[in-house]
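Spelled out from the first residue to the last, the chains are:
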Amino acid sequence: MADDGVRVRHALRAAQMYYVQEMTTAAIAHELGTSRSSISRLLTFARRSGLVEIQIHSPFERGTRLEQALKERYRVGVQVVPTRGALSDVDRLERVAATAARVLNRYLDSHMTLGIAWGSTLSAISRHLQPKPTHGLSVVQLNGAGNNLSTGIDYASEILQRFSTAYSAEVHQFPVPAFFDDPRTKESLWLERSTKRLLDIQARTDIALFGLGSPFAEVPSHVYIGGYLEAGDYERLSEDRVVGDAATVFYRIDGSHRDIEMNARATGPDLDRLTKVARRICVVSGLQKFDSVRGALAAGLITDLVLDEGLARALATAP
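Just so we're clear, the structure is a prediction, and the values are computed from it rather than from any experiment.

(A) Quick look at the nonpolar core. Leu 104, Phe 163, Leu 209 and Leu 307 are the most contacted members of the largest nonpolar core, which has 81 residues in total. The greatest single-element share of this core, amounting to seven residues, is contributed by helix H5 (residues 89–107). Sequence-distant contacts of Leu 104, defined by excluding residues within four places in its chain, comprise Leu 114, Leu 129, Phe 163, Tyr 167, Ile 207, Leu 209 and Ile 281. Counting residues in hydrophobic clusters, the runner-up holds 13 residues, among them Met 17, Ala 29, Ile 39 and Val 52.

(B) Spatial organisation of the sheet that holds strand S1 (residues 77–81). Spatial ordering of the open sheet is given by S1-S9-S8-S5-S2-S3-S4, a layout of seven strands whose pairing is parallel. Each of the sheet's edge strands pairs with one partner strand only, and the pair in question is S1 and strand S4 (170–172). On average, adjacent strands in this sheet sit at an angle of 15° to one another, irrespective of strand direction. In terms of strand pairing, S1 meets strand S9 (residues 304–308) through five bridges, oriented parallel. Bridging from a neighbouring strand, Val 81 pairs with Asp 308 of S9. The strands that helix H4 (residues 65–74) touches are S1 and S9; relative to S1, the one it contacts most, it runs at about 145°.

(C) Looking closely at the packing of aromatic side chains. Across all of its chains, the model carries five aromatic pairs by this definition. Ring geometry for Phe 163 and Tyr 167: centres 6.5 Å apart, planes at 45°, overall tilted. Within this pair, Phe 163 and its partner Tyr 167 are both found in helix H7 (residues 153–167), separated by four residues, close to a single helical turn. The same class applies to Phe 163 and to Tyr 167, which are both buried. Aromatic pair Phe 179 and Phe 250: ring centres 5.8 Å apart, planes at 10°, arrangement stacked.

(D) Fine view of the side chain of Arg 265. For Arg 265, the location among the structural elements is in the loop between strand S7 (249–252) and helix H12 (271–274). By relative accessible area, which is 13% here, Arg 265 ends up buried. Reaching out from Arg 265, the side chain makes a polar contact with the backbone oxygen of Phe 180 at a distance of 2.6 Å. With sequence-adjacent residues up to four places away left out, Arg 265 is seen in contact with Ala 178, Phe 179, Phe 180, Asp 181, Pro 183, Lys 186, Asp 233 and Arg 236.

What counts and how
- Residues numbered from 1 in each chain as written.
- Predicted model: local features only at pLDDT ≥ 70, side-chain atom pairs only at ≥ 80, totals over all residues.
- Heavy atoms only, no water.
- Core = buried A, V, L, I, M, F, W, Y, C linked by side-chain atoms within 4.5 Å.
- Buried < 20%, exposed > 50% of the residue type's maximum accessible area, 1.4 Å probe, protein only.
- Helix = DSSP H or I, 4+ residues; strand = E, 2+ residues; numbered from the N terminus.
- Contact = heavy atoms within 4.5 Å.
- Pairing = 2+ DSSP bridges.
- Axes fitted to C-alpha atoms, helices over the stretch in contact; angles between N-to-C directions.
- Phe/Tyr/Trp six-rings, centres within 6.5 Å; stacked < 30°, edge-to-face > 60°.
- Polar contact = N/O pair within 3.5 Å; in protein donor to acceptor, adjacent residues only side chain to side chain.

Next comes the structure, spelled out in structure tokens:
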């Protein structure tokens, strides 16, 4: 019986890599330290035993043990992406992004509003989107992308266009800076009818899809490398003990955010408002994002979490 359980777990891991991550049998064999013929037998066993139909099904009643541990601890839906082996953070992000694109298709449907926060993670997800026919779907940009070096329109538009193409969706751009120099400018612009129209669309968001920013990640968030922050901004974020951001709105490890000075200038959604979105899919990879994820979980920003295996284990065993 124990041997059967081991075989099931090995078959499930191979199936996830083959069908979800689209890895070749040679690549899977290399990562798992076995032969291609062994991987082929595991995949055959996975199909014949019912582990794999159109989607991959876990043999456990409520998912893998690691996913279950995170679900019970943090009260969120969890999808752990197998990433054992010597992977760079870039490759790890690509695997997680590919899984996130499939997770999104489970929940996205016609006549919904999808809110997306631009960034390195969303850019990766957009490259893995699987077309799904929809009608009346809207995709709205959640935070501005401009700075003193660029309008940010080209960068954000490319991401939005990929979502539009995949889902035949109407796109709503948010043509404002990521951060205003003066909070009073933001307050005035937020009173304009054209801005109010975009904010109203954002308020109707059914699904929010976002990554988490961290200045410490090997694959740095675009906000930290794209000229959005100056030396003084970093100093203020350090003084405020910021560990990450969601849609360019910052928070601490305990989830607090309301008194962080930079947030008065940010154009991303107020985090209290973001928590009112029915489904909030957070996609994150790399151990450097550990504090960013814990802060986001503490703030209640996440309903569904897609993450790599190493980060998942760190979260599951954290004190």
